[in-house]
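Each chain, letter by letter, is given below.
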Amino acid sequence: MKYYDKLVFELSKEGRVGYSLPVNRFPAAPEIPAALRREASLDLPEVSEPDVVRHYTNLSQMNFGVDTGFYPLGSCTMKYNPKINEEVAALPGFAGLHPLEHAGLTKGALKVYQEMEKALAAITGMYAFTFDPCAGAHGELTGLMIMRQYHMMRGDLARTKVIVPDSAHGTNPASAAVCGLEVVEVKSLENGRVDVEALKPLLDGTVAGMMMTNPNTLGLFETQIKEIAELVHGVGGLMYYDGANMNPLMGVVRPGDMGFDIMHLNLHKTFSTPHGGGGPGSGPVGVAEHLVDCLPDIRVSGFHGNFGVILRAYAYILMLGKQNLKKVGQYSVLSANYIKECLKDAYKLPIEGVCKHEFVFDGLVNDGAHDDVHGATTLDVAKRLLDFGFHAPTIYFPLLFHQALMIEPTETESKETIDAFIDVMHKIAAEAAEDPRILQEAPHNAPIKRPDETTAARNPILKFKDTL
Ligand SMILES: *Cc1c(COP(=O)(O)O)cnc(C)c1O
């Protein structure tokens, strides 16, 4: 164990200080009532400034981030986040703005919201946006509430069902259930697209709408989207677009033109903001013109959403401009297809053909490992990748394949980085065939080996004293 692997509490030495506060120039605060005062002093670590700096720097290096290395986590769009976004979001006029500030003094911020609404409307083909939702799933819930409101305003109370494809992101059925709507699943075809023939019998006057993501969770474009939208509209339902994966479509195709009525975007994916581990996020919801009156008139979050994330997305859109936003999609699609074609000799590709920004393998091709406890599994491949300094792809999602390995390289990686990843993936496949134990015992070089993830989630030990 290295010296600085110690907890900051273990480095503590009584009486050591790493700071000196200026003399208090302000009058004494009114006496705090004795009943509210602490009896014993707080048990805080007492360390020097270098110890504090090393503590936090070392902690930060025990994790993996987009600034540390390649992060091909499918469905999450872990692209590089340009640092100029951070500078813009940190401008004192923005960062120091109080959410209850008088409207007359917040014109700059309001202008940002207005300009963003215009930009997103142009990119998506929607008419108006609310910026309140703080995540994709939060946007879904807001969008479904808009859907329900639309039917209620028309006195159409029988519409309680939402159709969701079996390939959908898990948040889709969850959001529909939280909104009090009944989820009806529609199956996919062998080619990964929604089965239109299976959809038809589900359509009647009880359908509030259908939720889709396009390209879908397998990274495949739903080529029959226009027909699907016409069928759903034909029975009076609305089309909801999960736009978390808008990355490959920007400047090429617009959900509004595909027949969608309501949608959310994940600004923290498509429009770059460091995210992961639960935030921060922004999931603005857009609606077509006929739904403007159903936008929330009470807020669905404190104040106006995550303004810092909206600013980053605004800086990103302005920096790229119309021409280069289109290239984001083109390069991300090129990168994904390049990796897919280079690796399909070693990893099983269940659905052939051109993908969009991501694709799904179904485990290793030929080590006898498929669903075989003695061979190397997708989990083993993912763990082994960490030894080579790459973040693992998304694994065991989507649920359509047992050994799913979902790769999304994004547009911001160089060909050299992508080639290095392909080399390592080939190397891992060769190891799996020769000696699967190398994979099964991985990671060999990470700070933590293989935690029991179920126990870690159910009974987390969060206090250092409990670990002693
Ligand atoms: C990420 C994602 C979501 C959920 O977004 P959060 O911001 O994590 O709530 C929903 N749908 C799809 C397709 C996604 O990729």
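Note that the structure is a prediction, hence the values are computed from the model and not measured.

**Digging into the state of the cysteines**
Counted according to the given criterion, the structure contains 0 disulfides. Free of any disulfide, Cys 76 has its nearest cysteine sulfur in Cys 355, 16 Å distant. The structure places no disulfide on Cys 355, whose sulfur is separated from the nearest cysteine sulfur, that of Cys 342, by 12 Å. Relative accessible area serves as the criterion here: at 2%, Cys 355 is assigned to the buried category.

**Section: unusual backbone geometry**
Omega for the peptide link from Asn 214 to Pro 215 comes to 5 degrees, which places this bond in the cis form. That bond from Phe 397 to Pro 398 is cis: its omega, -5 degrees, falls within 30 degrees of zero. The phi torsion at Tyr 396 lies on the positive side, around 55 degrees, for a residue other than glycine. By secondary structure assignment, the location of Tyr 396 is in the loop between β9 (394–395) and β10 (404–407). For Tyr 396, a relative accessible area of 32% translates into the label partly exposed.

**Some remarks on the site of the ligand**
Neighbouring the ligand are 13 residues, the closest being Ser 75, Gly 136, Asp 242, His 268 and Lys 269. Taking Gly 136, its main chain carries an N or O atom lying 2.8 Å from an oxygen atom of the ligand. One of the side-chain N or O atoms of Asn 266 is found 3.0 Å from an oxygen atom in the ligand. Summarising the interface, the protein chains cover 85% of the accessible area of the ligand, which totals 380 Å² for the free molecule. At 3 residues, helix α6 (residues 136–153) tops the list of elements feeding residues into the shell around the ligand.

**A word on a nonpolar patch on the surface**
Taken together, Val 52, Tyr 56, Leu 59 and Met 62 make up a surface patch of nonpolar side chains, about 390 Å² in accessible area. Positionally, Tyr 56 belongs in helix α2 (residues 49–61). Classification of Tyr 56 as exposed rests on a relative accessible area of 54%.

**Concerning the environment of Ala 430**
Within the secondary structure layout, Ala 430 lies in helix α14 (residues 415–434). C-alpha separation for the pair Ala 430 and Thr 217, spaced 213 residues apart in sequence, amounts to 28 Å.

**Focus: the packing of aromatic side chains**
Within this structure, the stated rule accounts for 12 aromatic pairs. The interplanar angle of 55 degrees and the centroid separation of 4.8 Å between the aromatic rings of Tyr 241 and Phe 260 together place this pair among those described as tilted. Highlighted residues: Tyr 241 in strand β5 (residues 238–243) and Phe 260 in the loop between α10 (255–258) and β6 (262–265), separated in sequence by 19 residues. Classification of Tyr 241 by relative accessible area gives buried; the value is 0%. Following the ring pairs from residue to residue traces out a cluster consisting of Phe 94, Tyr 113, Phe 129, Phe 131 and Phe 307.

**Quick word on the pattern of salt bridges**
Scanning the entire structure with this criterion turns up 21 salt bridges. For Lys 344, the salt bridge identified is with Glu 341, shortest N-O distance 2.9 Å. A relative accessible area of 27% means that Lys 344 is categorised as partly exposed. On the accessibility criterion, Glu 341 (39% relative accessible area) is partly exposed. A salt bridge links Asp 387 to Arg 384, with the shortest nitrogen-to-oxygen separation between them at 2.7 Å. One end of the pair is Asp 387 and the other is Arg 384, both in helix α13 (residues 378–387) and 3 residues apart, which spans about a single turn. Accessibility assignment for this pair places Asp 387 and Arg 384 in one class, buried.

Definitions and cut-offs
- Residues numbered from 1 in each chain as written.
- Predicted model: local features only at pLDDT ≥ 70, side-chain atom pairs only at ≥ 80, totals over all residues.
- Heavy atoms only, no water.
- Disulfide = S-S within 2.5 Å.
- Buried < 20%, exposed > 50% of the residue type's maximum accessible area, 1.4 Å probe, protein only.
- Helix = DSSP H or I, 4+ residues; strand = E, 2+ residues; numbered from the N terminus.
- Near = heavy atom within 4 Å.
- Polar contact = N/O pair within 3.5 Å; in protein donor to acceptor, adjacent residues only side chain to side chain.
- Areas by Shrake-Rupley, 256 points an atom, 1.4 Å probe, with all protein chains shown as cover.
- Patch = residues over 30% accessible without salt bridge, like charges linked within 9 Å, V, L, I, M, F, W, Y side chains within 5 Å.
- Salt bridge = Lys/Arg side-chain N within 4 Å of Asp/Glu carboxyl O.
- Phe/Tyr/Trp six-rings, centres within 6.5 Å; stacked < 30°, edge-to-face > 60°.

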